[in-house]
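Each chain, written out:
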Amino acid sequence: MFIIRRSLLINPAFSWRGFCSPPINNKLFVGGLSWSVDEKSLKDAFSSYGEVTEVRIMYDKDTGRTRGFGFVHFSKADEAQCAKDAMDGKAFLGRPLRISFALDKVRGASVVVPRFSSVGDAAKRDN
DNA sequence: GGTGAGCGA
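Values in this document were obtained by computation on a predicted structure and should not be read as measured data.

## Comments concerning the nonpolar core
Then step 1. Grouped together as the largest cluster of nonpolar side chains are 19 residues, with contacts concentrated most on Leu-28, Val-30, Leu-42, Phe-46, Val-72, Phe-74 and Leu-97.
Then step 2. Going through the elements one at a time, strand S1 (27-31), helix H2 (39-46), strand S2 (52-59), strand S3 (66-74), helix H3 (77-87) and strand S6 (98-101) are the ones with two or more residues in this core.
Then step 3. Ignoring any residue separated from it by four or fewer positions in sequence, one finds Val-72 in contact with Asn-26, Lys-27, Leu-28, Val-30, Leu-42, Phe-46, Val-52, Glu-54 and Val-55.

Structure (structure tokens):
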């Protein structure tokens, strides 16, 4: 029924290139950060959408500057979903944010980063 | 330097 389709439109958990993107965890990968962004300003910005338990920004040990991405931990996955929907694509300190759910990386193994269009590619073939 | 995936329990 079309009521289902309308639910897909109004629910951010069901929109990712027109495909399902449920909150898989309460951690967000945040890319596209400005070079001058720091953890406290990032936490302050994301705290408006939920309880931020931890913020970690990756720094280059050689230059001491940020690598332009980081991770934000929320108390609840629902809050992470809300913050992602609200902040993704929004300008922060002059640069648009690129947010997605964090893929858990275990010590000693490289994180498997699927191309952010692999699922969408399947959806396009279906379309 | 701008399409990017860490750290510590």
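Having seen the structure, we can now continue with the description.
## Here we look at the pattern of salt bridges
Then step 1. Using the criterion set out here, one finds four salt bridges in the structure.
Then step 2. Measuring nitrogen to oxygen at the nearest pair gives 2.9 Å for the salt bridge that ties Lys-40 to Asp-38.
Then step 3. A relative accessible area of 63% places Lys-40 in the exposed class.
Then step 4. Take Asp-38: its relative accessible area is 22%, and that puts it in the partly exposed class.
Then step 5. Between Asp-62 and Lys-61 there is a salt bridge, with the nearest N and O atoms lying 3.2 Å from each other. Each member of the pair, Asp-62 as well as Lys-61, carries the same accessibility label: exposed.

## Quick notes on the sheet that holds S2
One key point about sheets: their strands pair by backbone hydrogen bonds, in either a parallel or an antiparallel sense.
Then step 1. Read across the open sheet, the four strands follow the order S2-S3-S1-S6; overall the sheet is antiparallel. Taken across any chain shown, the strands that pair with only one partner, and hence form the sheet edges, are S2 and S6. Recorded for the sheet is a direction-independent mean angle of 20° between the axes of neighbouring strands.
Then step 2. Here S1 runs beside S3; their pairing, made up of four bridges, is antiparallel. Within S3, the residue paired with Val-30 across the bridge is Gly-70.
Then step 3. Contacting S1, S2, S3 and S6, H2 crosses the sheet at an angle of about 140° to S2.
Then step 4. Contacting S1, S3 and S6, H3 crosses the sheet at an angle of about 155° to S6.

## A look at the pairing of S3
Then step 1. Bridging between S2 and S3 involves six bridges; their strand directions are antiparallel. By the bridge assignment for S3, Ile-57 is matched with Gly-70.
Then step 2. Two successive antiparallel strands, S2 and S3, enclose a turn made up of six residues, where Gly-64 displays a positive phi of approximately 80°.

## Side note on the environment of Gly-68
Then step 1. With respect to the element layout, Gly-68 can be found in strand S3.
Then step 2. C-alpha of Gly-68 to C-alpha of Gly-32: the two residues are 36 residues apart in sequence and 5.9 Å apart in space.
Then step 3. Sequence-distant contacts of Gly-68, defined by excluding residues within four places in its chain, comprise Val-30, Gly-31, Gly-32, Leu-33 and Trp-35.

## Quick notes on the side chain of Lys-84
Then step 1. Tracing the chain through its elements places Lys-84 in helix H3.
Then step 2. The charged side chain of Lys-84 is buried without a salt bridge, its nearest counter-charge being Asp-88 at 4.2 Å.

What counts, and where the lines are drawn
- Residues numbered from 1 in each chain as written.
- Chains lettered and ligands numbered in written order.
- Predicted model: local features only at pLDDT ≥ 70, side-chain atom pairs only at ≥ 80, totals over all residues.
- Heavy atoms only, no water.
- Core = buried A, V, L, I, M, F, W, Y, C linked by side-chain atoms within 4.5 Å.
- Buried < 20%, exposed > 50% of the residue type's maximum accessible area, 1.4 Å probe, protein only.
- Helix = DSSP H or I, 4+ residues; strand = E, 2+ residues; numbered from the N terminus.
- Contact = heavy atoms within 4.5 Å.
- Salt bridge = Lys/Arg side-chain N within 4 Å of Asp/Glu carboxyl O.
- Pairing = 2+ DSSP bridges.
- Axes fitted to C-alpha atoms, helices over the stretch in contact; angles between N-to-C directions.
- Lys, Arg positive; Asp, Glu negative; His and termini not counted.

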